Every structure is written in C-alpha cells, then in structure tokens.
Amino acid sequence: MSTKVYTEDNQLADPVAERAPLVLGGLDFHDVTEMVVRPVEGKTQPMWVLAFLAALGLLGVYGLSVAWLVWEGTGVWGLNNPVAWGWAIVNFVFWVGIGHAGTLISAILFLFRQKWRTGINRAAEAMTLFAVACALSFPTIHVGRIWLLPWVFPIPNQMWAWPNFRSPLLWDVFAVSIYGTVSLLFWYTGLIPDLGTMRDRAKGKIARFAYGLFALGWRGSHRHWVNYEAAYLILAGLSTPLVLSVHTIVSFDFATSQLPGWHTTIFPPYFVAGAIFSGFAMVLTLMIPCRVIFQMKELITVRHIENMAKIILLTGSMVGYAYAMEFFIAWYSGNDYEVFAFVNRAFGQYAWAYWIMISCNVITPQLFWIKKFRTTPIIVFVLSIFVNIGMWFERFVITVTSLAADFLPSSWAYYSPTIFDLGCLIGSFGLFFTLFTLFVRFLPMVAIAEVKTVMPEADPHWHGYHDAHDEAAA
Amino acid sequence: MAKKLYGALAQFENPAELYHACEHVRDAGYMKWDAHTPFPVHGLENAMGLKRSKVPWVSLAMALLCGTIPAFLGQAWVSSIGSQQVISAKPMIPWQAFIPVTFEVSVLMGAVGALLGMLMINGLPRLHHSLFRSEMFERVTDDKFFISIEAQDPKFDAESISEYLSGLGASAVELIED
C-alpha cells in the first residue's frame, strides 16, 4: 500500500516523476464526507454571519433601487438619447459572462475527463445559477413596465400580439432562461446523492425531512447509478453546446445591429472567450477564501487554483487577441465610421474606461505565465478581482462608446450613470452573495460523491487492495 | 405473527471486496439483487451483469418530440399565421432565424428528459424503502458498500443467506423486514 502522504506543501512535486492525488492529506472516504459537511452541520461561524448580513444589506440596496425604478420609470437611470442601453445591459452581459464558468467546469471539463473539476464543480455551478439570476433581473427591470414582461413569451392573448422570432433579443430570452433552467437541472442532478448523504447524517427531524424530500429516496443502488451516470453524461453533452451558444446569442444582440463597433463577426467567439475568462475569475474570487474559511485545502488544492489560472491565461490571451483584431479589421475594412469607432474608444471621451479594460484584461492574465504567481493563492485572488473589474469595463466600453458616438455628430451625447445605476450594480452583488452565502451554509459545497470517484481507492482494482489481498494469501 | 421479510443486506468495507462479491452473486444466478455504493464504482456494472442504460433514448425522444418539432413549428406558426409582420421584406418563415430558439428548446427538453427519464427508470422519487430500516445502511452514502438480495428472488433462502453473504467477505449481514 502506498504510504506517502501528500499535503499542501509537497503537492507540487515534479509531475514527471510523480503526481500528487487530487485529494491530499491521505484522507479516506469518511474523512471527505466529514470535511465537506462540516460547514453545513457545524455551528454558524461569526465570519459567515458577517458576510451574510453584508450581502443582505446590499440586497436591500437593490430592492430600494428597483422599487424606485419601477415607481418612477427608467428615467431614474442615466440613460439618454442615443445611449438607451446603459448599465442595465452592461450588468446583464457581465453577469451572464460570469455564469459561464460553472457549466463549463461541469460539462466541458467532464467530457474532457478533467478529474480535477470534481473539487470545484458544485460551488461553480451554484455560482452560475446565482449569476444567471442576477443577469436575468436586469432585462426584466430594463423593460420599464415590468408588468408587461410576459409579452416576451409566446402566450396567446386577447390582442393577438406575438413576439418576433426573427429578433436576436427574443433569442436571448430563450437562450438565457433555458441556460439557467438546464444549469439548475444539472446542478440538482449532481446534488441528489449528496442530499442522500445529508439525509442519512441529519440529526434533526426538519433537516432529515427536508434533505430526504429533495434526495428523492436515493439509496445508492448501482442499478440506479448506471442510469444516473448516463443522465449526467447526457446533461454534460447537452450543456456543452448550450454554454457556447448562450454568449454567442448574447453577442448577436450587438452584432446583428448596424452600429459601428458592434457590427462584427468576431463577436460570438470573442464574447464566449470573455465569458469563460470572467467566469473563472469569479470562481477563484469565491473559492480561494472559501477553501481557507471552511478548511478545505485538501479538497480544493493549489493544483486546482493553478489549473484555473492557466484557463484564465488562455482565455485572457484570446480576449487580448480579439481586442487587437477588432482594431485591425476596423482599419482593414476601410470604413470611416468603423475606424472612428475604434480610435474613439481608445482615445476619445471614454478612453479612461478603455485603458482600465486593457490593463485589467490584457496585462493581468499574462502574469500567469509565471508559475510562482499561479501557485500563490493570494496573488491569484488579487489578480482574479482585477479580471472581474476589467470584464465589467469591457462591456461598458462596448455598449457605451459605440452608442454615444455613432454616425451623426449631431446625435452624440455623453452618458454618465446616476446613483440608481450604481444602486442596481452593487445591489446585484447583494443578490449574488446572499444566495451564495445561503448555499455554503445549507448545501454541501463540494460534490461529495464525485470527489470520491477520483480517489485512487475508488477503483476496485486499485493496487493497494491487491497488495493487501496478496499479503492475506501469503 | 412473523413479519414479512424484504431480504438480506450485507456490508463490505471497500470497492474491491464489493466487486468480487458481486461477481459471485451474479454467477450464483440471483436475479433480484442490487449493490449499493456511496459513489458510482466504475466497472461494477460488469461484475453485476447489467445492461446499458436506456436513459439516452428517453432524452432523445423528449428532445425531438417535445423540443425540436414543436419549437420550429410554433415559431413558423407565430410568424406566418399568428402575426403576419413583414420585417425588412423577409420571408414569412425564415427558417434560419428560427434555429437558435429551436436549438435552445431542444436542449431544454433533452435535459428534462434525461433527468425525468433517469428518475422514472429508477422508480424514484419514493418516500420510503425497506432498506432504510437498517441502521448500518445509513453509511451507504458515506463510506460503506452493500449488497442486498430480495426475499422475492427464487434462489433466496432465509436460512442460509447470511452464511452465504458472510462467506463472500461481508463484514456484517442483516435480515431486513419488509
């Protein structure tokens, strides 16, 4: 039986000679269960209460801002003519982008058999759901008269009015709401066995009933596991094109218009790369503190962080390439308006936003070429926040610079947000963090059953068992 | 009056022991039996002699019948009969424009089909199961591995089953009431 125990300190040994397992510290199956359920079953930590109250406070800000918006109308925002799409669309695209990491980790990395995904997929999927919830709230409140929102769906009505299915905005309604629903189904499917664990461990009657209800009577039957794994594989296979389609369709909102700076074919791949870039940054922003606060360094290891930093490096470079290519195509097209739109982005009235975007999104990820940076959690954490900021500014730059100065100088106008724009932005973080703090308190934040499958002991033909067997025979 | 028996439950300590025990139970010709594990033990379906899952067919049928076809026809109907708007002189049924929504709805229905199909084939959700009467079975979602053989099985013999399962390496055996 192999006796070498890998820990936080020696896990980054030369990967050619040997490789540390994904679960460190020599934990067995029972230890993994105990480690994951501790934040749920243990006493409420003061740190958690503090985070929850802060998030709740911000959520209150969101509630007030939206209430005033609904009462007074979208005029309370800084919108003007021609900038009729302000922070609401910026925030929407920002949050949808963040929502891409969860399903990418759970679906695409699953199909590629990237076993390290098991440590982070549950929390990343939850983050996805909450980010999509934040994202959906923005078009909802942006319609102004919220009570007319059902009109976006093809519901028979007395006016015989139907939505226009040729419009990318309507595709977006379907893309984002279906993405949210499928992500929920995927997340819930993954949760069923772990809810069974919570049910079997629950001491209180209410907890046992609640977890038991949602565990659906799961009893770990292998006849069930066979169907379960088939369903999980299908969900991963379906989610893979879905996750790539969502931000593609979001980019169509812009790309199918005639506006200089928006009307480009590079938008779909560029938006998808940016979405994965920002999503992984948010996963890191959340998981690096969580692994410390909830003492899960053996499950969410430095190797996980390093792998995510590498994905940020890759997608960040793609985003940087797209920025350069946009400029090249604007020049190469020979179209005066297109050239102006890009020169104006970099050197016009919104140049400050443009250069924040460039420094956060192009320079920051390049620092991850250095291994020391990738493997030092605190540095990754700080850089991930820069990426979050940069990606918000990317959407701001795309949306506002193109609208504020289009074809006719007589229609140009400078856009600046109001206090209610700000209230909606920071308020949406309140919604996001309220949901996330509740999640880490009441549900297992690491997929217990899935982590166990990537431990070497999970294989019935693991050499440790054979060694023991041979010893017994001899 | 003696209560009816559901079957026998045997506990194993690790996937390797479970795997070999399953091979024996399969070869002994038992039909109504099952293995219970905290996580999917890969390859166990061979040791148990199970067939491929039918869930993919449910998912495909749902995706096509409840997703692709109604989504496309619905959009075509809305654009050509429901409301006849001529937009930029485009045709009444521009099929290219209907692809995104058709795709999204197909994915949604395929995903719903996968989850519901999985639950349906597994006979879930259910509120109770006889195995939950066993106290040691609480570890099935943690770190223990089990084989259950139902009393309904034609080969089941209440007298000798405990001895048989212990002989396969079980660390504990229990008879479960129905």
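Structural data are supplied above this passage.
Keep in mind the model is a prediction, meaning the values are calculated, not measured.

Draft legend 1. Region of the structure containing the overall build of chain B. Counting its secondary structure elements, chain B contains five helices and four strands. When the elements of chain B are put in sequence order from the N terminus, they spell out β-α-β-α-α-α-β-α-β. Expressed as lengths along the three principal axes of its C-alpha atoms, the size of chain B is roughly 80 × 40 × 30 Å. Across the 178 residues that make up chain B, the buried fraction comes to 49%. With the model as given, the accessible surface of chain B reaches about 8700 Å², and the carbon-plus-sulfur share is 59%. Across chain B, 13 positive and 19 negative side-chain charges occur, with their mean positions spaced 10 Å apart.

Draft legend 2. Spotlight on the overall build of chain A. When its secondary structure is counted, chain A shows 17 helices and zero strands. What you see for chain A is a C-alpha radius of gyration of 24 Å, in line with the 23 Å of a compact globule of 474 residues. The dimensions of chain A, computed from C-alpha atoms along their principal axes, are 90 × 55 × 40 Å. The proportion of buried residues among the 474 residues of chain A is 59%. Taken as two groups, the 28 positive and 29 negative side-chain charges of chain A have centres that lie 6 Å from each other.

Draft legend 3. A look at the pattern of salt bridges. Tallied over the entire structure, the rule returns 16 salt bridges over all chains. Ionic pairing is found between E450 of chain A and R117 of chain A, a salt bridge with its closest N-O pair at 3.1 Å. Residue E450 of chain A is found in helix α16 (residues 448-453), and its partner R117 of chain A is found in the loop between α4 (100-111) and α5 (121-142); the two are separated by 333 residues along the sequence. Each member of the pair E450 of chain A and R117 of chain A is classed as buried. In this structure, R139 of chain B engages D142 of chain B in a salt bridge whose closest nitrogen and oxygen atoms are separated by 3.7 Å. A relative accessible area of 32% places R139 of chain B in the partly exposed class. When its relative accessible area of 4% is taken as the criterion, D142 of chain B is described as buried.

Draft legend 4. Spatial organisation of the interface of chain B and chain A. At the interface, 69 residues of chain B touch 57 residues of chain A. A buried area of about 5600 Å², summed over both sides, lies between chain B and chain A, and 68% of it is on carbon and sulfur atoms. Inspection of the region where chain B meets chain A yields two salt bridges. A salt bridge links R208 of chain A to E138 of chain B; the nearest nitrogen and oxygen atoms lie 3.4 Å apart. The tally of links between chain B and chain A comes to 26 residue pairs in polar contact (both at pLDDT 80 or more). Residue assignment for the side of chain B that touches chain A shows that the elements contributing at least two residues are α1 (15-28), β2 (33-36), α2 (44-48), α3 (55-82) and α4 (95-122) of chain B.

Draft legend 5. Local environment of the side chain of N14 of chain B. Its place among the elements puts N14 of chain B in the loop between β1 (5-12) and α1. A polar contact of 3.0 Å, which involves the side chain of N14 of chain B, links it to the backbone nitrogen of A16 of chain B. If we ignore the near neighbours within four places in the chain, the residues touching N14 of chain B are Y465 of chain A together with F145 of chain B.

Draft legend 6. Inspection of the packing of helix α6 (residues 168-201) of chain A against α4 of chain B at higher detail. One way to put it is that α6 of chain A packs onto α4 of chain B with a least axis distance of 10 Å and a crossing angle of 15 degrees. Considered as vectors, α6 of chain A and α4 of chain B are oriented roughly parallel to each other. For the element pair α6 of chain A and α4 of chain B, the recorded crossing hand is left-handed. On the side of α6 of chain A, the interface is formed by W171, F174, A175, I178, T181, V182, L185, Y188, T189 and I192 of chain A, while α4 of chain B contributes A97, P100, V101, E104, V105, V107, L108, A111, V112, L115 and M118 of chain B. Per-class residue counts for the contact of α6 of chain A with α4 of chain B are 18 nonpolar, two polar and one charged.

Draft legend 7. Region of interest: the layout of surface pockets. A volume near 1200 Å³ is recorded for the largest pocket. Around the largest pocket, the lining is made up of 47 residues, and of these F110, R113, E229 and T453 of chain A together with H42 of chain B lie nearest the centre. Of the residues assigned to the lining of the largest pocket, the class counts are 26 nonpolar, eight polar and 13 charged.

Draft legend 8. Structural view of the packing of aromatic side chains. All chains considered together, the criterion is met by 58 aromatic pairs over all chains. Plain terms: the ring middles of Y62 of chain A and F138 of chain A are 6.0 Å apart, the flat faces sit at 45 degrees to each other, and that makes the pair tilted. With Y62 of chain A in helix α2 (residues 46-72) and F138 of chain A in helix α5, the pair connects residues that are 76 residues apart, well separated along the chain. Note on F132 of chain B and F137 of chain B: the rings are 6.0 Å apart at their centroids and 55 degrees apart in plane angle, and the pair reads as tilted.

Draft legend 9. The arrangement of the pairing of β1 of chain B in detail. All names here are of chain B. Counted residue by residue, β1 has seven buried out of eight residues, so it is predominantly covered. Direction of pairing for β1 relative to strand β4 (residues 172-177): antiparallel, over a ladder of six bridges. Note on β4: the bridge partner recorded for G7 is I176.

Draft legend 10. Broad picture of the nonpolar core. Core analysis: the largest hydrophobic core is formed by 196 residues, its most contacted members being W95 and F439 of chain A. Residue contributions to this core peak at 17 residues, all from helix α8 (residues 222-255) of chain A. Setting aside anything within four residues of it in sequence, one finds F439 of chain A in contact with R122, A123, A126, F130, W187, P444 and M445 of chain A. Ranked by size, the runner-up nonpolar core spans eight residues in total, among them Y6, L9, F146 and I176 of chain B.

Draft legend 11. Just α6 of chain A, in detail. Residues and elements named next belong to chain A. The end-to-end C-alpha separation of α6 is 48 Å, in line with the 50 Å expected for 34 residues at 1.5 Å each. At I192, α6 shows its maximal kink, close to 40 degrees; a proline, P193, follows between one and four residues later. Of all 34 residues in α6, 29 are buried, a share of seventy percent or more. Two or three places before L169, at the start of α6, stands the capping residue S167, its side-chain oxygen 3.1 Å from that residue's backbone nitrogen.

Rules of the game
- Residues numbered from 1 in each chain as written.
- Chains lettered and ligands numbered in written order.
- Predicted model: local features only at pLDDT ≥ 70, side-chain atom pairs only at ≥ 80, totals over all residues.
- Heavy atoms only, no water.
- Helix = DSSP H or I, 4+ residues; strand = E, 2+ residues; numbered from the N terminus.
- Buried < 20%, exposed > 50% of the residue type's maximum accessible area, 1.4 Å probe, protein only.
- Areas by Shrake-Rupley, 256 points an atom, 1.4 Å probe, with all protein chains shown as cover.
- Lys, Arg positive; Asp, Glu negative; His and termini not counted.
- Charge placed at Lys NZ, Arg CZ, Asp CG, Glu CD.
- Rg over C-alpha atoms; globule rule 2.2 N^0.38 Å.
- Salt bridge = Lys/Arg side-chain N within 4 Å of Asp/Glu carboxyl O.
- Contact = heavy atoms within 4.5 Å.
- Buried area = accessible area lost by both parts, 1.4 Å probe.
- Polar contact = N/O pair within 3.5 Å; in protein donor to acceptor, adjacent residues only side chain to side chain.
- Axes fitted to C-alpha atoms, helices over the stretch in contact; angles between N-to-C directions.
- Parallel < 35°, antiparallel > 145°, perpendicular 65-115°, else oblique.
- Left-handed = near helix turned anticlockwise from the far one by under 90°.
- Nonpolar A, V, L, I, M, F, W, Y, C, P; charged D, E, K, R; others polar.
- 1 Å grid on protein atoms, 1.4 Å probe; cavity = no way out; pocket = protein on both sides within 12 Å on 5 of 7 lines; lining within 4 Å.
- Points joined across faces, edges and corners; volume = space filled by probe spheres on them.
- Phe/Tyr/Trp six-rings, centres within 6.5 Å; stacked < 30°, edge-to-face > 60°.
- Pairing = 2+ DSSP bridges.
- Core = buried A, V, L, I, M, F, W, Y, C linked by side-chain atoms within 4.5 Å.
- Expected span 1.5 Å × (residues − 1).
- Bend = angle between axes of the 7 residues up to and from the residue.

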